[in-house]
Amino acid sequence: MSLSRLGKFNRIMGLDVSSNSYAFSIFENGQLVSWGEIDLTGVDHTQRLIRLRKYLLALRGSWGKFDCVVLEKPIFVNSNLTASLLSQTAGVVKSIMAEDTFFLEVTPNEWYSVIGNKQWTKLQKAEFKREHPDKTESWYKGQFREARKQFTRDWVKSQFDIT
């Protein structure tokens, strides 16, 4: 199932998991009705899973059953460890939200393509590197990733009139 077919569900939770936070959004009948984020800076992975479990139990207690939960698909990009940690996180989500709930796992690029958040071109990357010389490749990669995340944040705020 693609993201474009989510309209058949009445109550949808979107969950975005990163190293430093968990964010959620709840849609009812296509309208964004709630969202939030847990800051996990400085917390080890086991503690993040425990916090996520408590957070999801509270959301389920407040909102009841979700028809669909959308979360990032655990994929290998540069790190087996990261893929493993994301898989563990997906397991916690599914164990709490699984009853009568459809799960849709999407890759980051699937999210990005829906909102028009394209990869930077070679020319854009080269220009950025000229403007910020003498940095490591990992620094540049982090900056490109952060720019795409910021594009997504700005898109969500604009799309749903969030200030």
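Since we're looking at a predicted model, the values are computed, not measured. (Residues numbered from 1 in each chain as written. Predicted model: local features only at pLDDT ≥ 70, side-chain atom pairs only at ≥ 80, totals over all residues. Heavy atoms only, no water.)

Undergrad: Help me out: how do you make sense of the overall build of the protein in this one?
TA: A tally of regular secondary structure across the protein gives five helices and five strands. Each helix (α) and strand (β) of the protein, taken in turn from the N terminus, gives the series β-β-β-α-β-α-β-α-α-α. Relative to the compact-globule value of 15 Å for 163 residues, the protein shows a C-alpha radius of gyration of 17 Å, a close match. Its C-alpha atoms put the protein at 50 × 35 × 30 Å along the principal axes. Expressed as a percentage of its 163 residues, the buried residues of the protein come to 33%. (Helix = DSSP H or I, 4+ residues; strand = E, 2+ residues; numbered from the N terminus. Rg over C-alpha atoms; globule rule 2.2 N^0.38 Å. Buried < 20%, exposed > 50% of the residue type's maximum accessible area, 1.4 Å probe, protein only.)

Undergrad: Just to check I follow, could you spell out empty space enclosed by the protein for this structure?
TA: The gaps of empty space that remain are located by a probe, the size of a water molecule, rolled over the atoms. With the rule as written, the count across this model stands at one cavity of 30 Å³ or more. Within this model, the largest cavity holds a volume of roughly 40 Å³. Taken together, Val 17, Leu 71, Glu 72, Leu 86, Thr 89 and Ala 90 make up the full set of residues lining the largest cavity. Within the residue set of the lining of the largest cavity, elements represented by two or more residues are strand S4 (68-72) and helix H2 (80-97). When residues of the lining of the largest cavity are assigned to their parent elements, the largest contribution, three residues, is made by H2. Its residues assigned to classes, the lining of the largest cavity comprises four nonpolar, one polar and one charged. (1 Å grid on protein atoms, 1.4 Å probe; cavity = no way out; pocket = protein on both sides within 12 Å on 5 of 7 lines; lining within 4 Å. Points joined across faces, edges and corners; volume = space filled by probe spheres on them. Nonpolar A, V, L, I, M, F, W, Y, C, P; charged D, E, K, R; others polar.)

Undergrad: Quick question: what am I supposed to make of the packing of helix H1 (residues 45-63) against H2 here?
TA: In a pair of packed helices, the angle between the axes and the distance between the axes together describe the arrangement. Where H1 contacts H2, the axes come no closer than 10 Å and their chain directions differ by 25 degrees. Classified by the angle their axes make, H1 and H2 are roughly parallel. The two elements H1 and H2 cross, and the hand of that crossing is right-handed. Where H1 approaches H2, its residues His 45, Leu 49, Leu 52, Arg 53, Leu 56, Leu 57 and Arg 60 are matched on the opposing element by Leu 85, Gln 88, Thr 89, Val 92, Val 93, Ile 96 and Met 97. Across the contact of H1 with H2, the residue classes break down as nine nonpolar, three polar and two charged. (Axes fitted to C-alpha atoms, helices over the stretch in contact; angles between N-to-C directions. Parallel < 35°, antiparallel > 145°, perpendicular 65-115°, else oblique. Left-handed = near helix turned anticlockwise from the far one by under 90°. Contact = heavy atoms within 4.5 Å.)

Undergrad: Looking at this structure, how should I read the packing of aromatic side chains?
TA: Each pair of aromatic rings is reported with the distance of its centres and the angle of its planes. Tallied over the entire structure, the rule returns eleven aromatic pairs. A centroid spacing of 5.6 Å and a plane angle of 65 degrees characterise the contact between Phe 128 and Phe 144, whose relative ring orientation is edge-to-face. One end of the pair, Phe 128, is in helix H4 (residues 122-131); the other, Phe 144, is in helix H5 (residues 137-159), and 16 residues separate them in sequence. A ring pair is formed by Trp 139 and Tyr 140, whose centres lie 5.4 Å apart and whose planes are at 75 degrees; its orientation type is edge-to-face. You can call Trp 139 partly exposed: its relative accessible area is 29%. Through a chain of ring-to-ring contacts, three or more aromatic side chains come together here, namely Trp 120, Phe 128, Trp 139, Tyr 140 and Phe 144. A cation over an aromatic ring shows up here: Lys 94 above the ring of Phe 103, its NZ or CZ 5.7 Å from the ring centre. The ring of Trp 139 is capped by Lys 135, whose NZ or CZ atom sits 5.0 Å from the centre of that ring. (Phe/Tyr/Trp six-rings, centres within 6.5 Å; stacked < 30°, edge-to-face > 60°. Lys NZ or Arg CZ within 6 Å of the ring centre and 35° of its normal.)

Undergrad: Would you explain the sheet that holds S4 in this entry?
TA: The pairing of strands in a sheet happens through backbone hydrogen bonds and is either parallel or antiparallel. Strand order across the open sheet formed by five strands is S3-S2-S1-S4-S5, with mixed pairing between neighbours. Looking at which strands have only one partner, the edges of the open sheet turn out to be strand S3 (31-39) and strand S5 (102-106). The average angle at which neighbouring strand axes cross in this sheet is 15 degrees, direction not considered. Note: strand S1 (residues 11-17) against strand S2 (residues 21-28), seven bridges, orientation antiparallel. When the sheet's bridge partners are listed, Val 17 is paired in S2 with Tyr 22. This element, H1, spans S1, S2 and S3 of the sheet and lies at about 15 degrees to S2. Across the sheet, helix H3 (residues 108-115) touches S4 and S5, and the angle it forms with S5 is around 85 degrees. (Pairing = 2+ DSSP bridges.)

Geometric descriptors of this kind do not, in isolation, establish any biological role.
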